[in-house]
Amino acid sequence: ASALAQSPFELNLAVDAPVLAIGAAGTLAALVEVPPPSCFPTCDGSRINALDREVLGNYSESALTIADVGVLSLVALPALLDLVDSGGDGWLEDMVVYLEALAIAQSLVQLTKFAVDRPAPFVYDPNADPDALDGSDAARSFISGHTTMSFTAVAAFTTTFFARNPDSPWRWVVLGVGSALASTVGVLKVIAGYH
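One structure accompanies this document, and this report is about it. Just so it is clear, the structure is predicted and the values come from calculations on it, not from any experiment.

Focus: the packing of helix H4 (residues 91–116) against helix H7 (residues 145–164)
Item 1. Contact pair H4 / H7: the axes reach a minimum separation of 10 Å and the direction vectors enclose 155 degrees. When the axis of H4 is compared with that of H7, the two are roughly antiparallel. When you trace H4 past H7, the crossing you get is right-handed. Touching Asp94, Tyr98, Ala101, Leu102, Ala105, Gln106, Val109 and Lys113 of H4 are Gly145, Thr148, Met149, Thr152, Ala153, Ala156, Thr160 and Arg164, all from H7.
Item 2. Residue composition of the contact of H4 with H7, grouped by class: 8 nonpolar, 5 polar and 3 charged.

Next comes the structure, spelled out in structure tokens:
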């Protein structure tokens, strides 16, 4: 294989193991049970902040489902694309760095959600599904985990692709398509009433 087919990353157990451990520990915060928003079950829309007031009335289960599929696809697809691009040479190193990026991003998402404690806009919608109102995402809206994970996956894969293929015109396709798809996930979460 050519030198460019190899991973652009070099693993160091003394660095990579703690990064993965810290990322995994922060990610586990997603498993902590969260009580419903303090205003539940009758949240008054006039008390919502001005930014969220603009999206009151947004609630779409189908937009949420599409966003769920979108984020899962954007997180899973880079592993396959990297395997094809690398031919397997350096794929393990790439995946360790990729998982580190995802774990640290998810860790920061969970810690921010707990620190900010901001209800989702759909909590103020009387037409929202009662089951959704009882979910952890109802009480912890900011920041968007779907959007963060989508952009993290795209950025990590794009960085690897650019480093492995510095002269390829496909770099810009990877960046453009990935960014558009990640943006779509974010927009869908707003349409769904979660942000």
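Thoughts on the environment of Gly57
Item 1. Structurally, the position occupied by Gly57 is in the loop between helix H2 (50–53) and helix H3 (61–86).
Item 2. C-alpha of Gly57 to C-alpha of Leu80: the two residues are 23 residues apart in sequence and 38 Å apart in space.

Describing the pattern of salt bridges
Close approach of charged atoms allows side chains of opposite charge to pair.
Item 1. If you walk through the whole model with that rule in mind, you get 3 salt bridges.
Item 2. We note a salt bridge from Asp94 to Arg164, for which the minimum N-O separation is 2.4 Å. Of the two residues, Asp94 sits in helix H4 while Arg164 sits in helix H7, which places them 70 residues apart along the sequence. In this structure, Asp94 and Arg164 share a single accessibility class: buried.

Observations regarding H4
Item 1. In this model, H4 (26 residues) spans 37 Å end to end at C-alpha, consistent with the 38 Å of a helix rising 1.5 Å per residue.
Item 2. One or two residues past the end of H4 sits Asp117, with phi positive at roughly 55 degrees.

Things to note about the side chain of Asp94
Item 1. By relative accessible area, Asp94 is classed as buried at 2%.
Item 2. Looking at Asp94, its side chain comes within polar contact range of the side chain of Ser7, at 2.5 Å.
Item 3. Those residues within four positions of Asp94 in sequence are excluded, and the remaining contacts are Ser7, Pro8, Phe9, Asp82, Thr160 and Arg164.

Quick look at the side chain of Lys189
Item 1. Looking at the secondary structure, you find Lys189 in helix H8 (residues 170–191).
Item 2. Note on Lys189: relative accessible area 2%, which makes it buried.
Item 3. Not counting residues up to four positions away in its chain, the partners in contact with Lys189 are Leu64, Ala67, Ser144, His146, Tyr194 and His195.

Considerations on the packing of H3 against H8
Item 1. Relative to each other, H3 and H8 sit at 155 degrees, their axes nearing to 8 Å. Taken as axis vectors, H3 and H8 run roughly antiparallel relative to one another. Judged by the sense of rotation from one axis to the other, the crossing of H3 with H8 is left-handed. Contact with H3, carried on its side by Ala63, Leu64, Ile66, Ala67, Gly70, Val71 and Leu74, involves Leu181, Ala182, Val185, Leu188, Lys189 and Ile191 of H8 and no other residues of that element.
Item 2. Tallied by class, the residues present in the contact of H3 with H8 amount to 11 nonpolar, 1 polar and 1 charged.

The rules behind each value
Residues numbered from 1 in each chain as written. Predicted model: local features only at pLDDT ≥ 70, side-chain atom pairs only at ≥ 80, totals over all residues. Heavy atoms only, no water. Axes fitted to C-alpha atoms, helices over the stretch in contact; angles between N-to-C directions. Helix = DSSP H or I, 4+ residues; strand = E, 2+ residues; numbered from the N terminus. Parallel < 35°, antiparallel > 145°, perpendicular 65-115°, else oblique. Left-handed = near helix turned anticlockwise from the far one by under 90°. Contact = heavy atoms within 4.5 Å. Nonpolar A, V, L, I, M, F, W, Y, C, P; charged D, E, K, R; others polar. Salt bridge = Lys/Arg side-chain N within 4 Å of Asp/Glu carboxyl O. Buried < 20%, exposed > 50% of the residue type's maximum accessible area, 1.4 Å probe, protein only. Expected span 1.5 Å × (residues − 1). Polar contact = N/O pair within 3.5 Å; in protein donor to acceptor, adjacent residues only side chain to side chain.

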